[in-house]
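Examination of the molecular architecture
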Amino acid sequence: MKKIIFLAILLMIIPISAFAAQYKIDDSTNLYLDVLVRGYYLNDQRIEWSGLESTFGAEADINSIIERDMGTWKIRAEGEFYLNQPYGRNILSDEMRNSYKSNFQTEIFTISKLNIQTELNNFTIKLGKGETPFGRTYFQTFSNSFLDSPFIRTESILWRETGLFINYTIGLFSLDAAVANGEEDKDTNSSKAAIGRIGVGKKNYAFGVSAKYQDGIGSGVQKTFKNHYGIDFMARYLNLTLSGEAIYDEYGFYRNYNENEISWNKSIYYRDIFYKDKTPITGIGGYLNLGYKYAKLNIDLNYGLYYPQKINNPYHDELNHRSIIKIAYNLSSGLQVFGIGLVENERKAESWRSDAKPFAFEVGLQYKF
C-alpha cells in the first residue's frame, strides 16, 4: 500500500501540458482544434498473469473539426487521433500467454474518427469512421482504450464504426441508420453490418432503441458473430444524471476454430469460443450509471451485470458483476486529477491465471483547455 501511495503522489507532480485553439479561416470556415494529454498509473489485477498489470503510462487525444457554412447546408471534416505509449517488449511468454499477445501490442498512433459530414436541414450524412450509432453513454472516460467502462461497452458494443451514417432529427425525435463494416477499422471480409437507433429526448431526458445485425465479422473459419439489440435511457435533475443501457447479445465463432490461434485482441472472459456450427452464443447484460457534477467535482457510480448463455464451459459461463467508481476534480481551467476503481466478482480460472484478482484502479492527471 505504501508503494501505491508513493506512486500516486509521484504521478501528481508529472508536468502535463495541452493546447487548444479555434481559428476563423475565412467568413464561412472555422477550424476547431484541441489536444488532451493524460498521464496515469494503472494497476489491473485482472491481467496479473501477463506481467503487465502495473504500469505508468501516457497518452493523448487530438481532436479537430473543419466546418464550412454553405448557406443552406454545412460541410465538415472531423478527425480524432490517439497517441498511445506502447508496452515494452520484455513480457511473459509461453504457449498460453502468447494467445493474448496482440492485446498488449499497442499501436502508437490510431485513428479514432475520420469522416466527412454534410448537414442539410434535419439531415446529417457522414462517411468514414465515427461514433457507433448504437446506444448512448453519459459518463466520462479516462482511457483511450475505454477500459474504465461497463462490461457491455468493453466486450460487446463497439465505440467506433466505419461506414455510411445518416441522422434525421426533428423536435424530440431522432433516427440514426448506418451501413458499416461491423468492425472499428477496415473490414476483414465482404460482410457489412446494419445498425440503427430510434430515440426521443431533450437536454434532461432521452430514450432509445438500437439494433445491430450482421452474419459475422472476420474471414473464413475465423468468422465470429457480432449482433446485439438494446435500449438506452437518461434522466437528468439538477446536478444528478441517471443513465443506463441493456442489450441482448450474440457472439462466438461461426464455425469450429482453435481459439489459441487467435491473432487479434482476445477477450479475457472467454467470449472468443465456439459453441455450435453457425449458432451464436447469447447473453443479456446492462448497467446503471449515476453521475454527479457540482462545481469542480465530478463523480460517476456504475454497476452492471452480464448473464452469458450456459454452454458447459466453466470459464465462460459465470455471471459477471462489474462496479466502477470515477472521481475527477478540476484543479484549474482544463487541468483535472482523476481516480478510477473497478471491481468484479471472482471467476473460475485456469491454473496459469489463478493469481489474477477481479479489480483494477487508475490515478492520473489530464489537461484539456
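Remember, predicted model here, so these are calculated numbers, not experimental data.

Digging into the side chain of Thr29
Tracing the backbone shows Thr29 in strand 2 (residues 29-44). A distance of 2.5 Å separates the side chain of Thr29 from the side chain of Arg68, its partner in a polar contact. When residues no more than four places from it in sequence are discounted, the contact partners of Thr29 are Tyr23, Lys24, Ile66, Glu67 and Arg68.

Notes on the nonpolar core
Counting 29 residues, the largest nonpolar core has Trp49, Tyr100, Phe104, Ile152, Ile195 and Ile268 as the members making the most contacts within it. Within the residue set of this core, elements represented by two or more residues are helix 2 (151-155), strand 8 (173-180), strand 9 (193-202), strand 12 (240-251) and strand 13 (281-294). Counting 9 residues, the second-largest nonpolar core is a separate cluster that includes Tyr40, Ala328, Ile340 and Ala360.

Topic: the environment of Ala328
Inspection of the secondary structure puts Ala328 in strand 15 (residues 320-332). Measuring from C-alpha to C-alpha, the distance between Ala328 and Gly201 comes to 27 Å, with 127 residues separating the pair along the chain. For Ala328, the residues in contact, after removing those within four places along its chain, are Phe142, Lys296, Leu297, Asn298, Gln336, Val337 and Phe338.

Let's talk about the confidence of the model for the protein chain
Close inspection of predicted coordinates is inappropriate for parts of the model with low pLDDT. When pLDDT is averaged along the protein chain, the result is 90, and 95% of the positions lie at 70 or above. When pLDDT is averaged over each helix and strand of the protein chain, the minimum, 40, is found for helix 1 (residues 2-12) and the maximum, 98, for strand 14 (residues 297-308). Overall, residues 1-19 carries pLDDT values under 50, and its contacts beyond four positions in sequence, including any with other chains, amount to 28 contacts.

Re the environment of Phe56
Tracing the backbone through its elements, the reader meets Phe56 in strand 3 (residues 54-69). Considering only alpha carbons, one finds Phe56 and Asn43, 13 residues apart in sequence, at a separation of 8.8 Å.

Observations concerning the pattern of salt bridges
Across all of its chains, the model carries 19 salt bridges by this definition. Note that Arg76 and Glu67 form a salt bridge whose closest N and O atoms lie 2.9 Å from each other. For Glu67, a relative accessible area of 18% puts it in the buried group. Among the salt bridges present, the one from Arg97 reaches Asp94, with a minimum N-O distance of 2.4 Å.

Thoughts on the packing of aromatic side chains
Enumeration over the complete set of coordinates arrives at 20 aromatic pairs. Geometrically, the ring pair formed by Phe142 and Phe338 is stacked, given 4.6 Å between the ring centres and 20° between the ring planes. Placement of the pair is Phe142 in the loop between strand 6 (123-131) and helix 2 and Phe338 in strand 16 (residues 335-344), with a sequence separation of 196 residues. One exposure class covers both Phe142 and Phe338, and it is buried. Just above the ring of Phe165 sits the side chain of Lys126; from NZ or CZ to the centre is 5.5 Å. Sitting over the ring of Tyr254, Lys223 keeps its end group 5.2 Å from the ring centre.

Focus on the pairing of strand 2
Burial analysis of strand 2 places 12 of its 16 residues in the buried class, which makes it a mostly covered element. Looking at chain direction, strand 2 and strand 3 are connected through 15 bridges and run antiparallel. In the strand pairing of strand 3, Leu33 is matched with Ser64. Sheet topology note: the strand 2/strand 17 (residues 359-367) ladder contains 8 bridges and is antiparallel.

Cut-offs applied
Residues numbered from 1 in each chain as written. Predicted model: local features only at pLDDT ≥ 70, side-chain atom pairs only at ≥ 80, totals over all residues. Heavy atoms only, no water. Helix = DSSP H or I, 4+ residues; strand = E, 2+ residues; numbered from the N terminus. Polar contact = N/O pair within 3.5 Å; in protein donor to acceptor, adjacent residues only side chain to side chain. Contact = heavy atoms within 4.5 Å. Core = buried A, V, L, I, M, F, W, Y, C linked by side-chain atoms within 4.5 Å. Buried < 20%, exposed > 50% of the residue type's maximum accessible area, 1.4 Å probe, protein only. pLDDT = per-residue confidence, 0-100. Salt bridge = Lys/Arg side-chain N within 4 Å of Asp/Glu carboxyl O. Phe/Tyr/Trp six-rings, centres within 6.5 Å; stacked < 30°, edge-to-face > 60°. Lys NZ or Arg CZ within 6 Å of the ring centre and 35° of its normal. Pairing = 2+ DSSP bridges.

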